[in-house]
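# Descriptive structure summary
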Amino acid sequence: MYDFDTIIDRSNTDAVKVELCNTVFGTSDITPMWVADMDFPCPSPIVMTLRERIEHPIYGYTVCTPRFQQCIKQWQKHRNNWDVDCRWIECCAGVVTSLSIAIQAFSNVGDGIIIQPPVYTPFFDVVRENERTLLCNNLIKRDNQWCVNFEEFERLAAMPTTKIFILSHPHNPVGREWTIDELRQMGEICVRNNVLILSDEIHSDIMLNGTKHHPMATISDEIANNTITFMSASKTFNIAGLSTSYIIASNTELRSQYARKQHALHIINNMIGPIALQAAYANCETWLNELCTYLSDNVNFVTDYINRYIPEIKIIKPNATYLVWLDLSECNISPADLKHIIYQRAHLGINDGSTFGDGYQKYFRLNVASPLSVIEESLERLKNVFDSIRN
Ligand SMILES: Cc1ncc(COP(=O)(O)O)c(C=O)c1O
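Residues numbered from 1 in each chain as written. Predicted model: local features only at pLDDT ≥ 70, side-chain atom pairs only at ≥ 80, totals over all residues.

With that out of the way, let us pick up the site of the ligand. Near the ligand there are 13 residues, and of these Ala36, Gly94, Val95, Val96 and Asn172 occur at the shortest range. Among the residues making up the shell around the ligand, the classes are represented as six nonpolar, six polar and one charged. (Near = placed C-beta within 6 Å. Nonpolar A, V, L, I, M, F, W, Y, C, P; charged D, E, K, R; others polar.)

Pasting the structure below:
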């Protein structure tokens, strides 16, 4: 049994989640449940490996050894039943950096790139900052589920200037693992229209309540041939600060083109990120399984609690990620007042939905990767504020 219940003080660690509360929420008297990292310690084999390395006092240039690819190959086979060849894997810095590199490698200024809001804010940034054209295919709510608008997807993909689709799988912030049918449909539209798929699967190890992940590239050979997958141990094992990720591409041409662009940037290999990943993939799967159980319980608790006590908030229970998308769009309170209620009165630091796309100013994203006691207290404060408004 691992301990996910102890509250760990993150002050004086320069944590974004803690340090930027004042800037983002206008107060530091707040429980931070926003940035997508976890308030749990990463598993001890990672800490031991890093400690051992840090004990050696020379922190010079390092290479990514073949063991890195080997560990990933085994992890993908075991977790996702995906047969990955070591040669398909490139070691990268962060996923967002790699997405930006891929955009530069596979499109030109002005080309169209499809994303599906509400979606992870840097998807907008990497498209805009590289001067490409954002093509937003907003998710639609159907049968109490966030779904892909396939008609609009097809229309956007068919435009001659559309070159890339960035998929969030599972989807941040709605916490959905896409089904095989949905993946196939998105994948086939992209193949038919010669639109490259950048499949960001950074959250794919965080599966809730028994859900199973299916990488986009495992759906068919044609789709694999048209996909670059972006993965990392960072969300899974709470090592995002180590800035290490990897891409997988079975298509040699795509991989070489990506690698050439990455190489041109001369990004120095991170000394500790790759060894942390190897320690994690080789020795921490039991920890991950327990983590997923703990997070499933947290998500189940949050969903039940809100449905029961704060009916103003609508929730579709996520089946992946530790993120819960709170929908207050039908509530008769303005976006500014909602923020005041949540940040200043309930002291709950959660993401403002408007950062995930236009039209989501009455939505919020709650990160439940915290000890249950913290979640219980935070939700009780929120309930009390809503009770006082109602009465
Ligand atoms: C969908 C998605 N992609 C990428 C990232 C960040 O990846 P990295 O820190 O490796 O750039 C996040 C972090 O929240 C995310 O949710």
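Taken domain by domain, the protein holds domain 1 (16–42 + 286–390) and domain 2 (47–283). The centre of domain 1, based on its C-alpha atoms, is set 26 Å off from the matching centre of domain 2. Counting residues at the interface gives 26 residues for domain 1, matched by 30 residues for domain 2. Sorting the residues of the side of domain 1 that touches domain 2 by element identifies helix H13 (285–309), strand S12 (323–327) and strand S15 (363–367) as the ones contributing at least two each. Looking at the side of domain 1 that touches domain 2, the element that brings in the most residues is H13, giving five residues. In terms of residue class, the side of domain 1 that touches domain 2 is made up of 18 nonpolar, six polar and two charged. (Domains from an automatic or database assignment. Contact = placed C-beta atoms within 7 Å. Helix = DSSP H or I, 4+ residues; strand = E, 2+ residues; numbered from the N terminus.)

Helix length check: helix H4 (residues 66–80) (15 residues) gives 21 Å between terminal C-alpha atoms against 21 Å at 1.5 Å per residue, within 8%. Those residues of H4 not exposed but buried are Phe68, Gln69, Cys71, Ile72, Lys73, Trp75 and Gln76. In this fold, the buried residues of H4 make contact with strand S2 (89–92), strand S10 (245–248) and helix H12 (273–283). Of the residues one or two after H4, asparagine 81 is the one with positive phi, at around 50 degrees. (Expected span 1.5 Å × (residues − 1). Buried ≥ 20, exposed ≤ 12 C-beta atoms within 10 Å, placed from the backbone.)

Proteins that are soluble and globular tend to have nonpolar side chains buried together. Within the largest apolar cluster, 119 residues are counted, with the highest numbers of intra-cluster contacts made by Leu198 and Leu295. Examining the composition of this core, we find that nine residues originate from one element, H13, more than from any other. Structurally, this core is a two-domain feature, drawing no fewer than three residues from each of domain 1 (16–42 + 286–390) and domain 2 (47–283). The residues touching leucine 198, leaving out its near neighbours within four places in the chain, are Leu99, Ala102, Ile164, Ile166, Leu167, Ile228 and Phe230. (Core = buried A, V, L, I, M, F, W, Y, C linked by C-beta atoms within 7 Å.)

Ordered by their spatial adjacency, four strands build an open sheet running S11-S12-S15-S14, and the pairing between neighbours is antiparallel. If you trace the sheet from one side to the other, it starts and ends with strand S11 (314–315) and strand S14 (351–352), each paired once. Pairing analysis gives five bridges linking S12 to S15, with the strands arranged antiparallel. Each residue of the ladder has a partner; that of aspartate 327, found in S15, is tyrosine 363. (Pairing = 2+ DSSP bridges.)

What follows concerns the sheet that holds S10. Spatially, S2-S10-S9-S8-S7-S3-S4 is the arrangement adopted by the seven strands of the open sheet, whose pairing is mixed. Each of the sheet's edge strands pairs with one partner strand only, and the pair in question is S2 and strand S4 (133–136). Strand-to-strand twist in this sheet, taken as the mean axis angle between neighbours without regard to direction, amounts to 25 degrees. Strand direction decides the pairing type here: strand S9 (residues 227–231) and S10, joined by three bridges, are antiparallel. Its bridge partner lying in S10, methionine 231 is registered against tyrosine 246. (Axes fitted to C-alpha atoms, helices over the stretch in contact; angles between N-to-C directions.)

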